[in-house]
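Overview (structure and organization)
This is what each chain is made of:
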Amino acid sequence: MAFWDNLFPGRAAQFDSGSAASNAIDLTKRRPTVSLTKQGAATGNLRVNLSWRMRTSDIEGRSRQSGRLLRNPALFFKPEVVQAHTQGVVNVDLDLGCLYELTDGSKGVVQPLGGFLGDLNEAPYVRLSGDDRFGGSSGETIFVNLDHRDEIKRLLFFVYIYDQTPAFDRTHAKVTLYPSNGPRIEVELDERAPQARSCAVFSMENVKGELTVRREVRFVYGFQAELDRLYGWGLQWGRGYKTKA
């Protein structure tokens, strides 16, 4: 997209795209949807990846002070105030999950909690690769077999904090979709909700044969049961626990 395209709203693309080098589509509030079918990406395995890293008070502090340094360069030589350990370090275990509803009416969830890992070649055609508890570079990944798209009615991908301090506002979290064809699709969890424990990130619906991805980024203060209620899944939920790492 040329620089001058941004000066004329009428020439804006249907969605916000990254640079040519990044080859990515950013779903935002202003441009929340993209059609996988129209992108020619409604076949093969769709890879959905959650990655995150913790914010640090040092990095955030330098970012906030950049404007002051420009106005007063002498501040550059002034030692920074270091935050206490309890304020600067927060343990967070973000999990990626997916609520599914198939065209035959069957419903369920794929998530690390409870070991509901799903299946890629059999219903629900959604499979979780594993559970990343430490925010590693690979994160967590769910695969969707879009060769069975006609059997999928809708999916809701969500992220939740497992049994830890609510700290979405202390993480840089991003969910990235890697279709079998075309650019990747990115959804940033960039809205600050300090007390939230779960977030509906994006939905995917099959409407008359067209697969459409929609940005949700809807934070809630409960867990899966609250997301279920908001999106009308109708599943039965109970408290679950992980084994110790």
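As a reminder, the structure under discussion sits directly above these lines.
The numbers attached to residues start from 1 for each chain and follow its sequence in the written order. At least 70 in pLDDT is required for a residue's local features to be given in this predicted model, at least 80 for side-chain atom pairs to be given and counted, and no such filter applies to totals for whole chains, interfaces and linings, which use all residues. Just so you know, side-chain values use all the structure's heavy atoms and leave hydrogens and water out.

Backbone geometry follows two general trends: most residues other than glycine have a negative phi, and most peptide bonds adopt the trans configuration. Of the consecutive residues A123 and P124, the connecting peptide bond is found in the cis state with omega at 15°. Positive phi values are uncommon outside glycine, yet K208 reaches one of about 55°. Numbering of helices and strands runs from the N terminus; a helix is a DSSP stretch of H or I covering at least four residues, while a strand is a stretch of E covering at least two. Looking at where K208 falls in the secondary structure, it is placed in the loop between strand 13 (198-207) and strand 14 (210-220).

Note on pairing: DSSP must find at least two bridges between two strands before they are called paired. Pairing is antiparallel across the open sheet formed by six strands, whose spatial order is 3-14-13-10-5-6. Each having just a single partner strand, strand 3 (33-35) and strand 6 (107-110) make up the two edges of the open sheet. Neighbouring strand axes in the sheet, compared pairwise and without regard to direction, differ in orientation by 20° on average. Here helix 3 (residues 224-231) sits on the sheet and contacts strand 5 (94-102), strand 10 (152-161), strand 13 and strand 14; the angle it forms with strand 14, its principal contact strand, is near 125°. Think of each axis as a best-fit line through the C-alpha atoms, taken over the contacting stretch in the case of a helix, with angles from 0 to 180 degrees between the N-to-C directions. Only heavy atoms matter for contacts: two residues are in contact if any of them lie within 4.5 Å across the pair.

Type-normalised accessible area, obtained with a 1.4 Å probe on protein chains alone, sets the label of each residue: buried when under 20%, exposed when over 50%, and partly exposed for intermediate values. The complete set of buried residues in helix 3 reads Q224, L227, D228 and Y231. Here the buried residues of helix 3 occupy an arc of 105° about the axis, which is enough to place them on one side. In this fold, the buried residues of helix 3 make contact with strand 5, strand 10, strand 13 and strand 14. Think of it as the arc spanned by the lines of direction from the helix axis to the C-beta atoms.

What follows is about the packing of aromatic side chains. Two aromatic rings, drawn from Phe, Tyr or Trp (for Trp, its six-membered ring), form a pair once their centres lie within 6.5 Å of each other, and the interplanar angle then sorts them: stacked below 30 degrees, edge-to-face above 60, tilted otherwise. Tallying each qualifying case throughout the model produces three aromatic pairs. The interplanar angle of 70° and the centroid separation of 5.2 Å between the aromatic rings of F168 and F219 together place this pair among those described as edge-to-face. Of the two residues, F168 sits in the loop between strand 10 and strand 11 (171-178) while F219 sits in strand 14, which places them 51 residues apart along the sequence. In this structure, F168 and F219 share a single accessibility class: buried. The ring centre of Y178 lies 4.0 Å from the NZ or CZ of R47, which sits over that ring. The criterion for a charge sitting over a ring is simple: Lys NZ or Arg CZ within 6 Å of the ring centre, and within 35 degrees of the ring normal. One Lys or Arg, R218, reaches over the ring of Y231 and ends 5.8 Å from the middle of that ring.

Purely geometric stuff here, so don't read any function into it on its own.
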